[in-house]
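Each chain, letter by letter, is given below.
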Amino acid sequence: MYLGLDLGTSGLRAILTDVGGNVLAEADAAFDVHHPHAGWSEQNPADWVNACAATVAKIRSIAPDAFAALKGIGLSGHMHGATLIDADDRVLRPCMLWNDTRSIHEAAALDALPGMRDITGNIVFPGFTAPKLGWVEANEPDIFDKVAKVLLPKDYLRLWLTGEHISDLSDSAGTAWLDVGARQWSQVALDHGHMRRDQMPDLVEGSAIGGQLRSELATDWGLSGTIVVAGGAGDNAAAACGIGALGEGTGFVSLGTSGVLMAGRDQYAPKPASAVHSFCHAVPGRWYQMGVILAATDSLNWLAHALDKSPADLSSALPDKATGCSAALFLPYLSGERTPHNDSTIRGAFIGLDINMDRTDLTRAVMEGVAFALRDSLDALKSTGASFDTLFAIGGGARSRFWLTTLANTLDVPLSLPAGSELGAAKGAARLAICAHSGQDPADVMVQPGTAEVIEPQADLRGSYEDAYERYKAVYPALSALR
């Protein structure tokens, strides 16, 4: 049996699977994100450990006999977080998360240094790990001086599970300290960030062994024998493993808190100027690229909160199928934007509001705005040579039929809905555990799921959505000029 742990922004999901990937039990535990100042986004790493303990306890209660046969654990987690620990493995401050934008100036300074984009294959975004350490050095020097290790969120969970400082390549690619093409830490990038190699964890491939469960935990959980912990993956690489998106022509669009359009790549093909992320995949010899928008379902959540409704209330008021574009436009830059603008200070807007519009019109405009932002990412990915015949659609927003048909029309790409329950990154983490324990070829384990349904673009609406997208693109320069 294999345990997949997915450390998300708002909670941890755990699933127990057999070697065939059949899910026998699952459990969730929530935790909070703290925003003590504008642009700050933090979590207490102890909350992750407590959530892991709680979900494991629940899975043990659901399937005790199956859990007792556990042989491997896989980890997935939200990327870019800076968990700072001292020489005794004590946490020095709350973890600064992926959507924390306080280090905008440090990011710009790093990005301008010679070789950074060539080494990392990416723009140094404010949400990446390296600029966060620059901010700590400038604003919390006493803490900076005590940093013995910098761990990504899932790797702090690994430290609790194994007692070891290890990370995988897919997650580490988002730090701006990794040579993404060479798949190793870059001394030049570390020097640019005033960091040392000994402050970095050891690196393994995501499908390789990345530690063993501590004997004390194994005893507490009623386990015997060696329990391996896989290298694991950043959340999007793990989701790609979960749906079999490893190489060229494969990919997915995710409507989660953030929005992601991901492409598997057989070769390393960075294009930093496009603001496309180019990272190592969680399996050897593969990379992946993605366009990222910072507020996908978060945009709907914001509107729901403002209108004192639930997101489900808003989405259920829309038809099952898109019928054409709204006259109103929504720019989903509520927390800034990554692809293609790399603009952490731009903010969102409604354009073209009319006195006859109601909350249904606003909901429709929000969903369309998110779709248009993902079209920006699609065009940026295509500029690197990526191509798709279809995309898997995953994430909580994919439960809205209106949003799916809107997205298919906007991207002009068929969207495939995976058959069975959508467990995303947790399933990918479990698959990585299977590979680490058994030594199987990832290509044999990470097969694509069956397709429950394909949402085709509506040919008669192509012109309408293309015209609306052109209007959408024209708004960003005007909105930017107002700052």
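A brief look at the structure comes next. All of these numbers come straight from a predicted model, not from anything done at the bench.

Rules and cut-offs
- Residues numbered from 1 in each chain as written.
- Predicted model: local features only at pLDDT ≥ 70, side-chain atom pairs only at ≥ 80, totals over all residues.
- Heavy atoms only, no water.
- Disulfide = S-S within 2.5 Å.
- Buried < 20%, exposed > 50% of the residue type's maximum accessible area, 1.4 Å probe, protein only.
- Helix = DSSP H or I, 4+ residues; strand = E, 2+ residues; numbered from the N terminus.
- Pairing = 2+ DSSP bridges.
- 1 Å grid on protein atoms, 1.4 Å probe; cavity = no way out; pocket = protein on both sides within 12 Å on 5 of 7 lines; lining within 4 Å.
- Points joined across faces, edges and corners; volume = space filled by probe spheres on them.
- Axes fitted to C-alpha atoms, helices over the stretch in contact; angles between N-to-C directions.
- Contact = heavy atoms within 4.5 Å.

1. Structural notes on the state of the cysteines
Covalent bonding between the sulfur atoms of two cysteines is what defines a disulfide.
Then, number 1: Following the criterion strictly, the structure yields zero disulfides and no others.
Then, number 2: You can see Cys 435 has no disulfide; the closest cysteine sulfur is in Cys 241, sitting 7.9 Å from it.
Then, number 3: On the basis of relative accessibility, which here comes to 3%, the residue Cys 435 falls in the buried class.

2. Structural notes on the pairing of strand S17 (residues 259–265)
Then, number 1: Within S17, seven of the seven residues are buried, which leaves the element mostly enclosed by the surrounding structure.
Then, number 2: Across the two faces of S17 the burial is the same, with Gly 259, Leu 261, Ala 263 and Arg 265 and Val 260, Met 262 and Gly 264 all buried.
Then, number 3: The pairing of strand S16 (residues 251–255) with S17 spans five bridges and is classified as antiparallel. Opposite Ser 254, over in S17, you have Val 260 as the bridge partner.
Then, number 4: Counting the residues between successive antiparallel strands, the hairpin from S16 to S17 contains three residues.
Then, number 5: Bridge analysis of S17 against strand S19 (residues 287–293) gives seven bridges, and the strand direction is antiparallel.

3. Observations concerning empty space enclosed by the protein
Then, number 1: Taken as a whole and judged by the stated rule, the model has five cavities of 30 Å³ or more.
Then, number 2: Approximately 100 Å³ is the volume found for the largest cavity.
Then, number 3: Considering the residues around the largest cavity, the lining is formed by 15 residues, among which Thr 101, Pro 126, Gly 127, Leu 294 and Arg 338 are closest to the centre.

4. Structural notes on the sheet that holds strand S18 (residues 277–280)
Each strand in a sheet pairs with its neighbour through backbone hydrogen bonds, running either in the same direction (parallel) or in the opposite one (antiparallel).
Then, number 1: Strand order in the open sheet formed by seven strands is S18-S19-S17-S16-S22-S23-S24, and the pairing between neighbours is mixed. The sheet is open, and its two edges are formed by S18 and strand S24 (451–455), each paired on a single side. Looking at each pair of strands side by side, their axes are set apart by 30° on average, direction ignored.
Then, number 2: Two elements, strand S22 (residues 391–394) and strand S23 (residues 415–418), share two bridges in a ladder whose sense is parallel. In the strand pairing of S23, Leu 391 is matched with Leu 415.
Then, number 3: Across the sheet, helix H14 (residues 359–382) is in contact with S16, S17 and S19; its angle to S19 comes to roughly 145°.

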